[in-house]
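Summary of the model geometry
Here's the letter readout for the chains.
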Amino acid sequence: MSHPDPAEVERLLKGISIPPRPEVLARLQKEIESPNMSLTAVAQIITSDVALSAAVVKVANSPGFGLSRKVTTVQQAIPVLGSRTLSNLVAGITLRNSLSASTVRLDRFWDSSLRNAQLCARLTREFRGVPAEHAYTFGLFHDCGIAVLMQRFPDYRETLQLANSDPDRPFTEVEESRHATHHAVIGYLLTRNWGLPEDISQATLLHHDLSIFEGNADATAARCRTLVSLAALAGSFVGSFMRMNEDSTWTRGRSAVMAHLGLGENDFHDLREMAFELLEQL
């Protein structure tokens, strides 16, 4: 799977400010990637921020991760979740904090994103191919460019409404026609700058591009298809649960997603029931 043209990315990012990677996340990722990684040091980095520590424990105990026993401290969460999953949780929490300081109210957006992430993680029990922590991280981050654009353009909410209701054009095409950029490329750069796995960055860039489902797929392309499919499926359930109108993205991609996951209509409705049960617990 090829990388996007740097000149094209630069054009699409003109005038857009990407939040810098927070120091706590940079320190955590450096420790985890070290050959001499210390679980004690990992815990110390996270617990140095009381609010962050509490948020990590709360997410770790949520239904999407299905822990057999509740944890009360970061130290207990590390062996249960794994250090890389914790790193992804910290990335999501710090992203939300860095993008929530503006006057733009993003509560509904983050609520939907967190529900999508939890459901993506849960769906990996039904569909193999990607680890739960990658599915969770992708579910949380794949639309993060929307939050950036909400802050950048006062009329972006109108763009969202248009993109969600246009049956003929891809979501990103509607965005680009109005703002000369789109949330997928912004999310791609942000996930790369924040040191998230390459699979997640690639899938973030391509999650509105239905051509990824065409032809044979190597291992990387197959993981990308699965991440995009899980997030699309989770998104359709979250949208129904939150009583949002079915958007054009799911309408356009439904058949490709269900074919990739091997889902029939009965399977879809069974999963929908399971998803609603989980979402009611969040």
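Read on for a plain summary of the structure. (Residues numbered from 1 in each chain as written. Predicted model: local features only at pLDDT ≥ 70, side-chain atom pairs only at ≥ 80, totals over all residues. Heavy atoms only, no water.)

Right, let's talk about the packing of helix H7 (residues 107-123) against helix H16 (residues 265-281) for a bit. One can describe the packing of H7 onto H16 by two numbers: an axis separation of 11 Å at closest approach and a directional angle of 130°. Between H7 and H16, the angle falls in the class oblique. At the point where H7 passes H16, the crossing takes the right-handed sense. Each of Arg115, Gln118, Leu119, Arg122 and Leu123 in H7 lies in contact with H16, whose residues at this interface are Leu271, Met274, Ala275, Leu278 and Leu279. Among the residues making up the contact of H7 with H16, the classes are represented as seven nonpolar, one polar and two charged. (Axes fitted to C-alpha atoms, helices over the stretch in contact; angles between N-to-C directions. Helix = DSSP H or I, 4+ residues; strand = E, 2+ residues; numbered from the N terminus. Parallel < 35°, antiparallel > 145°, perpendicular 65-115°, else oblique. Left-handed = near helix turned anticlockwise from the far one by under 90°. Contact = heavy atoms within 4.5 Å. Nonpolar A, V, L, I, M, F, W, Y, C, P; charged D, E, K, R; others polar.)

Per the counting criterion, the structure on display carries 10 salt bridges. Across the pair Arg178 and Asp155 runs a salt bridge, and its minimum N-O distance is 3.4 Å. Of this pair, Arg178 sits in helix H11 (residues 171-179) while Asp155 is found in the loop between helix H9 (144-152) and helix H10 (156-165), placing the two residues 23 residues apart along the sequence. Salt bridges linked by common partners bring Glu8, Arg11 and Glu176 together as one network. (Salt bridge = Lys/Arg side-chain N within 4 Å of Asp/Glu carboxyl O.)

Attention now moves to a negative patch on the surface. Taken together, the side chains of Asp267, Asp270, Glu273, Glu277 and Glu280 present a region of like negative charge at the surface. In this fold, Asp267 is placed in helix H16. Classification of Asp267 as partly exposed rests on a relative accessible area of 37%. (Patch = residues over 30% accessible without salt bridge, like charges linked within 9 Å, V, L, I, M, F, W, Y side chains within 5 Å. Areas by Shrake-Rupley, 256 points an atom, 1.4 Å probe, with all protein chains shown as cover. Lys, Arg positive; Asp, Glu negative; His and termini not counted. Charge placed at Lys NZ, Arg CZ, Asp CG, Glu CD. Buried < 20%, exposed > 50% of the residue type's maximum accessible area, 1.4 Å probe, protein only.)

Below, the discussion takes up the nonpolar core. Nonpolar side chains in soluble globular proteins generally cluster together in the buried interior. Counting residues in hydrophobic clusters, the biggest one holds 92 residues, and the most contacted among them are Ile46, Leu119, Leu123 and Leu233. Residue contacts for Leu233: discarding those within four places in its chain leaves Leu123, Phe127, Trp250, Leu261, Leu263, Phe268 and Leu271. (Core = buried A, V, L, I, M, F, W, Y, C linked by side-chain atoms within 4.5 Å.)

Overall, the coordinates contain four aromatic pairs when judged by the stated rule. Measuring from ring centre to ring centre gives 5.3 Å for Phe237 and Phe268, while their planes differ by 45°; the resulting arrangement is tilted. Of this pair, Phe237 sits in helix H14 (residues 219-241) while Phe268 sits in helix H16, and the two are 31 residues apart along the sequence. When sorted by exposure, Phe237 lands in the same class as Phe268, which is buried. (Phe/Tyr/Trp six-rings, centres within 6.5 Å; stacked < 30°, edge-to-face > 60°.)

Its location among the elements puts Thr172 in helix H11. A relative accessible area of 15% means that Thr172 is categorised as buried. Those residues within four positions of Thr172 in sequence are excluded, and the remaining contacts are His182, His183, Ala184 and His208.

As a further point, take the packing of H14 against helix H15 (residues 248-261). It is the contact of H14 with H15, at a shortest axis distance of 9 Å, that shows an interaxial angle of 125°. When the axis of H14 is compared with that of H15, the two are oblique. With respect to the hand of their crossing, H14 and H15 are arranged in left-handed fashion. Note on element contacts: H15 touches H14 through Trp250, Val257, His260 and Leu261, opposite Ala222, Arg225, Thr226, Ser229, Leu230, Ala232, Leu233 and Ser236. When its residues are assigned to classes, the contact of H14 with H15 shows seven nonpolar, four polar and one charged.

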